[in-house]
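Observations on chain architecture
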Amino acid sequence: MTHNPNGKIALVTGGSRGIGRHISATLADSGATVIVNYANNQEAAQQTVDFILSTGGKALLVKGGVTDEESVKHLVKQSEEKVGENISILINNATGPQIELSDDLPYPMPPSTKPIEM
């Protein structure tokens, strides 16, 4: 099964650098309007949007965090208000604060994320 992003609205969290930038550009090249989300580095995000626009794609910036529910709700609301449509593609690429993995966390870690003793 293939999915065609042409004409869809895509939100790419952490969409301004690295893999997120590549995903944003690829979706735009496939015809999606891309909302490039960033938390801190507006310059990198603007460069990604400028690149997409220079290649004939559609893109815009939306600043917002993804580390708590209220921030995510605000990000989605702001994004949908800017484009005037509902988001139909969501790429969760952003990361939150990085923590060192430890068995002393206050919640259980999924087995796939626990450190492996070698």
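Above: the structure in question.
All of the points below concern the structure found in this document. None of these values were measured; they are calculated from a predicted model. (Residues numbered from 1 in each chain as written. Predicted model: local features only at pLDDT ≥ 70, side-chain atom pairs only at ≥ 80, totals over all residues. Heavy atoms only, no water.)

1. Things to note about the pairing of strand 1 (residues 9-13)
Filter applied, for reference: For the exposure calls, accessible area comes from a 1.4 Å probe over protein chains only, and a residue counts as buried if that area is under 20% of its type's maximum, exposed if over 50%, partly exposed in between. Numbering goes from the N terminus for both helices and strands, where a helix is a DSSP run of H or I of at least four residues and a strand is a run of E of at least two. If DSSP finds at least two bridges between two strands, the strands pair.
With five of five residues buried, strand 1 is to be regarded as a mostly interior element. Every second residue of strand 1 is oriented toward a common face, with Ile9, Leu11 and Thr13 on one face and Ala10 and Val12 on the other, all of them buried. In this sheet, strand 2 (residues 33-38) lies alongside strand 1 in parallel orientation, the contact comprising four bridges. From the neighbouring strand, Leu11 faces strand 2, where its bridge partner is Ile35. Pairing between strand 1 and strand 4 (residues 89-92): four bridges, direction parallel. Looking at the pairing, Leu11 lines up with Leu90 of strand 4.

2. Let's talk about the sheet that holds strand 1
To summarise the sheet geometry, strands pair through backbone hydrogen bonds and adopt either a parallel or an antiparallel arrangement. Cut-off, in case you're wondering: Only the stretch in contact is used when fitting a helix axis, every axis being a line fitted to C-alpha atoms; angles between N-to-C directions are given from 0 to 180 degrees. Should any heavy atoms of two residues lie within 4.5 Å, those residues are considered in contact.
Read across the open sheet, the four strands follow the order 3-2-1-4; overall the sheet is parallel. Here the strands that pair on one side only, and so sit at the sheet edges, are strand 3 (58-63) and strand 4. This sheet shows a mean twist of 20° between the axes of neighbouring strands, independent of strand direction. Across six bridges, strand 2 lies against strand 3 in parallel orientation. The partner of Val34 across the bridge, within strand 3, is Ala59. Those strands touched by helix 2 (residues 42-54) are strand 2 and strand 3, and its axis lies near 165° from that of strand 3.

3. Some details on the layout of surface pockets
To keep it simple, the criterion reads: A 1.4 Å probe that fits into a set of points on a 1 Å grid over the protein atoms alone but cannot get out defines a cavity; an open set with protein on both sides within 12 Å along at least five of seven lines defines a pocket, and lining residues are those with an atom within 4 Å of a point. Grid points are joined across faces, edges and corners, and a volume is the space filled by probe spheres set on the points.
In this structure, the largest pocket encloses a volume near 300 Å³. The wall of the largest pocket is formed by 16 residues, among which Gly14, Arg17, Ala39, Ala94 and Thr95 lie closest to the centre.

4. Side note on the environment of Tyr38
Residue placement: Tyr38 occurs in strand 2. The class for Tyr38 is buried, based on a relative accessible area of 8%. C-alpha of Tyr38 to C-alpha of Leu61: the two residues are 23 residues apart in sequence and 7.7 Å apart in space. Residues in contact with Tyr38, not counting those within four places in the same chain, are Ser16, Ala45, Leu61, Val62, Lys63 and Gly64.

5. Considering the pattern of salt bridges
Spelled out, the test is: Salt bridges are identified by distance alone: a Lys or Arg side-chain nitrogen within 4 Å of an Asp or Glu carboxyl oxygen.
Applying the stated rule across the entire model yields two salt bridges. Across the pair Lys73 and Glu69 runs a salt bridge, and its minimum N-O distance is 3.3 Å. Pair noted here: Lys73 and Glu69 are both in helix 3 (residues 69-83), with a separation of four residues, about one helical turn. Of the charged contacts in the structure, one is a salt bridge between Lys73 and Glu70, with a shortest N-O distance of 3.9 Å. Placement of both Lys73 and Glu70 in helix 3 is noted, with a separation of three residues, approximately one turn of the helix. The network of salt bridges with common partners includes Glu69, Glu70 and Lys73.

6. With respect to helix 3
Formally: The span expected for a helix works out to 1.5 Å for each residue beyond the first. In this context, the arc is that of the directions from the helix axis out to the C-beta atoms. Pairing of N or O atoms within 3.5 Å defines a polar contact, subject to two protein rules: one partner must be a possible hydrogen donor and the other a possible acceptor, and residues neighboring in sequence count only if both atoms are side-chain atoms.
In this model, helix 3 (15 residues) spans 21 Å end to end at C-alpha, consistent with the 21 Å of a helix rising 1.5 Å per residue. Turning to helix 3, its buried residues are Leu75, Ser79 and Val83. All buried residues of helix 3 lie within an arc of 45° about the axis, which places them on one face of the element. Of the exposed residues in helix 3, the ones pointing more than 90 degrees away from its buried face are Glu69, Glu70, Lys77 and Glu81. Check the buried side of helix 3 and you find it contacts strand 1, strand 2 and strand 3. Its side-chain oxygen 3.2 Å from the backbone nitrogen of Glu70, Asp68 forms the N-cap of helix 3. At the exit of helix 3 stands Gly84, carrying a positive phi of roughly 75°.

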